Amino acid sequence: MNRKKIWLSAPHMGGEEIKFVQEAFNTNWVAPVGPNINAFEDGLAAYNGVGYCAALSSGTAAIHLALIILGIKHGDEVICSTFTFSGSCNPIAYQGAVPVFVDSEAETWNMDPELLEEAIIDRIRRTGKTPKAIIVVHLYGMPAKIVDIVTIAKRYGVPVIEDAAEALGSSFRGQKLGTFGDMGIYSFNGNKIITTSGGGALVSNNPTWIQKAKFLATQARDPAPHYQHSEIGFNYRLSNICAGIGLGQLRVLDERVHQRRGNFSFYKSELSGLSGIRFLEEPPDAFSNRWLTTILVDPVQFGKTREDLRLALEEENIESRPLWKPMHLQPVFKNAPSYINNCSEVLFKNGLCLPSSSNLTISERRSVVKALGSSA
Ligand SMILES: *Cc1c(COP(=O)(O)O)cnc(C)c1O
């Protein structure tokens, strides 16, 4: 086995990134701010059809600022999808607030709207207080039942933060994800559909919030010739260099979505003959960027477990990964109130993410299929 490693999700430059980075060098806009940042924010807002955007150092930072802007404080409760990456809910803990986890529904693998409403009602009954915010995640690029979730949230007056870190380019009824809630966040970490080497963004139609995010992200400096602070700030701004990479990546974003969707179609058509392997389908009105192609293994029907498959791929120098381990099963969140229906636990037990880079070659795709097929 000497073929080069096939990664789960690798960076994929378009070619123009270096031009924007070079421009930043030429004009010495290396730090701290600069024209690439403004252009990246404008481009991202226009792409998503949303009013305002703040480019930040990470998706996690974007969620943290969203919580601060919504006034989340020590002891407040914030509802979050349990089936997600820890970046979704760690910022709740940064604020000293309490995460309340809600399980998924089987159709999209995202937050179950009915269980969300049950959770809200139960929190009000137990604590006398309504949860202060809802963080809903669009996992692997698949749109959550976002219209239902926003409707329920409005009924109880709870603001919604959409974690679209994995879902840039996805849409529901033609509207881009990240724009349904009060605020939305994206991530440009190295493994995401486009990358700035590391970065994130907060979007909203509320200009005051985005202005506040930029203020907080640059150490909360009051207008004064000296440095003056009336609030605690953060060093959360994206650099002008990274924003240059982002500008180049934005130009190829739709192509990246197309390529990742191509991975999904390929795997699905090649593996549909194997009984006991299921794919996550798009419900009506949903358009997924197919950030990662995922499969569900029925160990009885298939005759092998998810872990057998993962090890068979590893043997062939191919990286794959179990689906996210739900947050309510994480040792660090074991005491958090959770509303669980078993859905995410089954997904974690039987689900696998396949190599899904947008620069995956045909022969690499074939190697993955071959390794999966021969283990069957
Ligand atoms: C990647 C990711 C984040 C965090 O983004 P960073 O830019 O890595 O901080 C948050 N939520 C989800 C669902 C993610 O996949």
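Note that the coordinates shown come from a computational prediction; the quantities given were computed from them, not determined experimentally.

## Considerations on the overall build of the chain
Counting its secondary structure elements, the chain contains 13 helices and 15 strands. Taken over C-alpha atoms, the radius of gyration comes to 21 Å for the chain, in line with the 21 Å a tight globule of 376 residues would show. If one aligns the C-alpha atoms of the chain with their principal axes, the spans along those axes are about 70 × 60 × 35 Å. Of all intrachain contacts in the chain linking residues separated by at least 6 positions in sequence, the fraction that spans at least 24 positions is 71%. One way to put it: in the chain the 37 positive side-chain charges average out to a point 2 Å from where the 37 negative ones average out.

## Structural notes on the domain arrangement of the chain
The domains assigned to the chain are domain 1 (17-250) and domain 2 (253-374). Here the C-alpha centroids of domain 1 and domain 2 sit 25 Å apart. Facing 46 residues of domain 1, the contacting portion of domain 2 comprises 38 residues. Area buried by domain 1 at its contact with domain 2 is led by W109, Y140 and I193, which between them contribute 23% of it. In this structure, the connection of domain 1 to domain 2 is made through one salt bridge. Between R173 and D285 there is a salt bridge whose closest N-O contact spans 3.3 Å.

## Looking at the sheet that holds strand 7 (residues 175-176)
As summarised here, the arrangement of the three strands in space is 7-6-11, forming an open sheet in which the pairing is antiparallel. The sheet terminates laterally at strand 7 and strand 11 (286-287), the two strands that pair on one side only. Strand direction decides the pairing type here: strand 6 (residues 171-172) and strand 11, joined by two bridges, are antiparallel. Looking at strand 11, one finds that F172 is bridged to A286.

## Section: the pattern of salt bridges
Summed over all chains, the structure comprises 21 salt bridges. In this structure, R251 and E16 form a salt bridge, with 3.0 Å as the shortest nitrogen-oxygen distance. With R251 in helix 8 (residues 240-251) and E16 in the segment before helix 1 (17-26), this pair connects stretches of sequence that are 235 residues apart. Look at R251 and you get exposed, because its relative accessible area is 52%. By relative accessible area, which is 32% here, E16 ends up partly exposed. The shortest N-O distance in the salt bridge between K145 and E105 comes to 3.9 Å. With K145 in the loop between strand 4 (133-137) and helix 6 (146-155) and E105 in the loop between strand 3 (98-102) and helix 5 (113-127), the pair connects residues that are 40 residues apart, well separated along the chain. Judged by relative accessible area, which is 25%, K145 ranks as partly exposed. By sharing partners, the salt bridges in this structure join R306, E307, R310 and E314 into a single network.

## Considering the pairing of strand 12 (residues 293-297)
Of all five residues in strand 12, five are buried, a share of seventy percent or more. A two-sided burial pattern is seen for strand 12, the buried positions comprising T293, I295 and V297 on one face and T294 and L296 on the other. Relative to strand 15 (residues 351-354), strand 12 runs antiparallel, the two sharing four bridges. Residue pairing for strand 15: I295 is matched across the bridge by L352.

## A word on the packing of aromatic side chains
Applying the stated rule across the entire model yields nine aromatic pairs. Where W109 meets Y140, the ring centres are 6.5 Å apart and the plane angle is 90 degrees; that geometry is what we call edge-to-face. Of this pair, W109 sits in the loop between strand 3 and helix 5 while Y140 sits in the loop between strand 4 and helix 6; the two residues are 31 residues apart in sequence, bridging distant segments of the chain. Judged on exposure class, the residue W109 and its partner Y140 are both buried. Between F266 and Y267, the aromatic rings sit 6.4 Å apart at their centres with planes inclined by 70 degrees, giving edge-to-face as the arrangement. By relative accessible area, F266 is classed as buried at 14%.

## Structural notes on the site of the ligand
Taken together, 15 residues are adjacent to the ligand, and T60, D163, E166, S187 and K192 come closest. In the model, a nitrogen atom of the ligand is placed 3.4 Å from a nitrogen or oxygen of the S88 side chain. The side chain of S187 places a nitrogen or oxygen atom 2.7 Å from an oxygen atom of the ligand. Out of a free accessible area of 380 Å², the ligand has 93% covered by protein chains. Residues that form the shell around the ligand fall into these classes: three nonpolar, nine polar and three charged.

## A few points about the nonpolar core
As a rule of thumb, nonpolar side chains are buried together in soluble globular proteins. The biggest cluster of nonpolar side chains holds 64 residues, and the ones touching the most others in it are F40, I79, L116, I134, Y140 and L168. Per-domain counts for this core show at least three residues from each of domain 1 (17-250) and domain 2 (253-374). With residues near it in sequence (within four places) discarded, I79 still touches V100, V102, M111, L116, A119, I120, P131, A133, I134 and I135.

## Notes on the environment of N191
Note that N191 resides in the loop between strand 8 (183-187) and strand 9 (200-204). Taking the relative accessible area as the measure of exposure, N191 reaches 22% and is therefore partly exposed. As a C-alpha pair, N191 and H12 span 179 residues in sequence and 9.4 Å in three-dimensional space. Among residues more than four places away in sequence, those in contact with N191 are S9, R260 and W291.

About the criteria used
- Residues numbered from 1 in each chain as written.
- Predicted model: local features only at pLDDT ≥ 70, side-chain atom pairs only at ≥ 80, totals over all residues.
- Heavy atoms only, no water.
- Helix = DSSP H or I, 4+ residues; strand = E, 2+ residues; numbered from the N terminus.
- Rg over C-alpha atoms; globule rule 2.2 N^0.38 Å.
- Contact = heavy atoms within 4.5 Å.
- Lys, Arg positive; Asp, Glu negative; His and termini not counted.
- Charge placed at Lys NZ, Arg CZ, Asp CG, Glu CD.
- Domains from an automatic or database assignment.
- Buried area = accessible area lost by both parts, 1.4 Å probe.
- Salt bridge = Lys/Arg side-chain N within 4 Å of Asp/Glu carboxyl O.
- Pairing = 2+ DSSP bridges.
- Buried < 20%, exposed > 50% of the residue type's maximum accessible area, 1.4 Å probe, protein only.
- Phe/Tyr/Trp six-rings, centres within 6.5 Å; stacked < 30°, edge-to-face > 60°.
- Near = heavy atom within 4 Å.
- Polar contact = N/O pair within 3.5 Å; in protein donor to acceptor, adjacent residues only side chain to side chain.
- Areas by Shrake-Rupley, 256 points an atom, 1.4 Å probe, with all protein chains shown as cover.
- Nonpolar A, V, L, I, M, F, W, Y, C, P; charged D, E, K, R; others polar.
- Core = buried A, V, L, I, M, F, W, Y, C linked by side-chain atoms within 4.5 Å.

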